[in-house]
Amino acid sequence: MQRPSLAASLARHAALASTLLASALCGCRGDDEGAPEAPVAAPRPRHVVWIVLDTLRADALGCYGNARATSPVLDELAARGVLVEDAFAHAPWTRPSAASMLSSLHPPEHGIRSEDPRDILPEAVLTLAEHFRAHAFRTAAISENPHVQQATGFGQGFELFLGKPLWQSEPAWMLEQARAVLGAVRESKEPLFLYVHALDPHDPYEPSEEDRRAILGALRSGDADVDAGRALRRTERLLAGEALSSEDLQVLRGLYEAEVRGADRFVGELLELVREHGLLEDALVLVTSDHGEEFLEHGALRHGDQLYDESLRVPLLFSGPGLAPRRVRAALARHVDLAPTVLELLDLPQPEGWRGRSLAPALRGATQQPAALYAETRWRELGRAALRGERWKLLQDERTGERALFDLSSDPGETRDRAAAELVRTEELARDLELLQRAFRSAGSGDPSSAPEYDRATWEALQKLGYTGAPEPLSKQR
Ligand SMILES: [Zn+2]
C-alpha cells in the first residue's frame, strides 16, 4: 500500500492544519434574513459527517415506506431530522455520481463519464473537501468503493484518504479508520468534514445470517430457498438470458434488503463512534446514496445501464443543530445541490462555479424554486441521457435517437411512453437537452487543465430552464 501510516499522516497534517487560516467558522454573520425577530442565531453545525451507502434505493428504507424492518437507525435519524422525498442522482453508477456530489458539477462538466480509466476527477475541479480545507476544516474520507479512491481523483482536498478498493464491504475496517480519525480530531478541537462511502448494499447480496433471517424469514416459511448463494446463481442465470420467476425475484429483493439492514446497522455504529468522541451534538449528519438499484422494473437487474427512477432516486436525510424534524419535497433535490446545502447550513460562503443550489430553504420548510435534473450514463459504450422535472421526464438514447416521455404524475413507474401523444412537449424537452449538451461541450468539459466555464447567455438560458442554481456566472477557480 502506498498509503502513509495513519499516525504519520495525522501528525504531518496537524502541523499543516495549524498554518491554515481560521475563518468564518464561528457563525458570526447574524440571523437568517427570514427571521429577523429571532433573539439569537439558530444553532449551526460545526462538523459534517457525510455518509454514502452505495446502491441504496430510497424505497428500501422504512422511512421511505418500506414495510420490512430494514432501517431502524436511519428511520430514527429521519424522525429527528429532515427527510427529503425527492432526491436524485445524475448517473446510475458510482464514479460520475460521487463526483457530482463532491464537486457540484454534472458528469459532462467534471469529466467522469465512462469507465475509461482516464475518466478521473480533474485537478481543476474545486471539490467540497478542498473548500472545507480552505476554511480550516480537518478533512478525511473513508471509502471501500474502488471508484472513489485517490487514483480516480477523489483524494483532492482530503488530508487523509483511507481507501480499500476491493469490492468487498468490511464495516469493521471502516469503523476502525473512523475511530482513528475521530480520535485525532477530538484532540485538535478543529471542525471536521468526514466523508464515508460504504459499499453495501451493493451486489453481490450477501447479508449476514441474522439480517437474512430478519428480512427473508418474514417473507418465506422455511429457509431452504433463502440461501444467498442460490439466489445469486439465479441472478447469474438471468443475466445469461434465463428467466427469473417472480418468486426468485422476491428472494433476490429480500437479500438486497437484508444487506440494507446491515448497512443501516453500520450507520448506527459509526454515529455511536462520533457520539463517543463528543462530536455528534455539533455535527451535521447527511446520509444518501450514489444511485439506486433495479429489480426488473424495466427488464434489468443491478444498475448502470438505465435512467429510470429506480436507478436515480436516492434517500436523502439531514440531521443536526438548527434542523427541525420534517419531511420535505424540494421540487427536486439533486446531487449537485448537496455541497451548496451543507455550506449554507454551516454558514460558510459558496464558491463560484458550482452548479447546484442550496436546499437549506426547503430543509427549513420553505417552498423552493423548482429545479430540473440532468442525468446520463455512458458506461459500457452506452450513451443515454435524461431530463427530469417534477412531472415530465424525457429519456433519450444518443446512439439511436430514440426518445421516451413519461408523465410521472400519473405514471410514476414510467411504463407508458407519451412521446408520440405529447409530441410538442417531447420536442421542447429534446431542445432543452440539446441546449444543455451544447453548453457542456462549449464549456470545455473534461479538460483537466481548466474548470468548466459558460458564457453569460448560455448561463442565463440554463438557469431559466432550472439546470443550474448557483447565483452568479462562472469564473475559473484557479
Ligand atoms: Zn455505486
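Refer to the structure above for everything that follows.
What counts, and where the lines are drawn
- Residues numbered from 1 in each chain as written.
- Predicted model: local features only at pLDDT ≥ 70, side-chain atom pairs only at ≥ 80, totals over all residues.
- Heavy atoms only, no water.
- Helix = DSSP H or I, 4+ residues; strand = E, 2+ residues; numbered from the N terminus.
- Buried < 20%, exposed > 50% of the residue type's maximum accessible area, 1.4 Å probe, protein only.
- Contact = heavy atoms within 4.5 Å.
- Areas by Shrake-Rupley, 256 points an atom, 1.4 Å probe, with all protein chains shown as cover.
- Core = buried A, V, L, I, M, F, W, Y, C linked by side-chain atoms within 4.5 Å.
- Pairing = 2+ DSSP bridges.
- Axes fitted to C-alpha atoms, helices over the stretch in contact; angles between N-to-C directions.
- Donors = N, O, S within 2.8 Å, 3.2 Å for Na, K, Ca; no water.

1. A short note on the overall build of the chain
Right, on to step 1. Counting its secondary structure elements, the chain contains 14 helices and 17 strands.
Right, on to step 2. Each of the 478 residues in the chain was classed as buried or not, and the buried ones make up 58%.
Right, on to step 3. Summarising the internal contacts of the chain: among those between residues at least 6 apart in sequence, 69% fall at separations of at least 24.
Right, on to step 4. In the structure as shown, the chain presents an accessible area of about 19,600 Å², 51% of it carried by carbon and sulfur atoms.

2. Topic: the nonpolar core
One broad trend across soluble globular proteins is that nonpolar side chains are buried collectively.
Right, on to step 1. Formed by 98 residues in total, the largest nonpolar core has its most connected members in Trp50, Leu53, Phe132, Phe193, Tyr195, Leu316 and Phe318.
Right, on to step 2. For this core, the element with the highest residue contribution is helix 9 (residues 246-276), accounting for 12 residues.
Right, on to step 3. Not counting residues within four places of it along the chain, the set of residues in contact with leucine 53 comprises Leu74, Ala198, Asp200, Pro201, Ala263, Phe266, Val267, Val287, Thr288, Ser289 and Asp290.
Right, on to step 4. Listed in part, the 19 residues of the second largest apolar core include Ala385, Ala419, Ala439 and Tyr467.

3. Some remarks on the sheet that holds strand 7 (residues 283-288)
Right, on to step 1. Read across the sheet, 8 strands follow the order 5-4-6-1-7-11-2-12 without closing on themselves; strand pairing throughout is mixed. Each having just a single partner strand, strand 5 (160-163) and strand 12 (326-328) make up the two edges of the open sheet. Ignoring strand direction, the axes of neighbouring strands in this sheet form an average angle of 10°.
Right, on to step 2. Its contacts with the sheet put helix 2 (residues 72-80) on strand 1 (47-53), strand 2 (82-84), strand 7 and strand 11 (316-319), and the angle it makes with strand 11 is roughly 60°.

4. Observations concerning the coordination of the zinc ion
Right, on to step 1. Those donors, Asp54 (OD), Asp54 (OD), Thr94 (OG1), Asp290 (OD) and His291 (NE2), are the protein atoms that reach the zinc ion, and they lie 2.0 to 2.8 Å from it.
Right, on to step 2. One chain supplies every donor to the zinc ion, and in sequence these donors are spaced D-x39-T-x195-D-H. As far as burial versus exposure is concerned, aspartate 290 and histidine 291 are alike and both buried.

5. A word on the environment of proline 207
Right, on to step 1. Note that proline 207 resides in the loop between strand 6 (192-198) and helix 7 (209-216).
Right, on to step 2. Looking at proline 207, the relative accessible area reads 8%, which means it is buried.
Right, on to step 3. For the pair proline 207 and glycine 254, spaced 47 residues apart in sequence, the C-alpha separation works out to 9.9 Å.
Right, on to step 4. Beyond its immediate chain neighbours, meaning those up to four positions away, proline 207 contacts Arg212, Leu255, Ala258 and Glu259.

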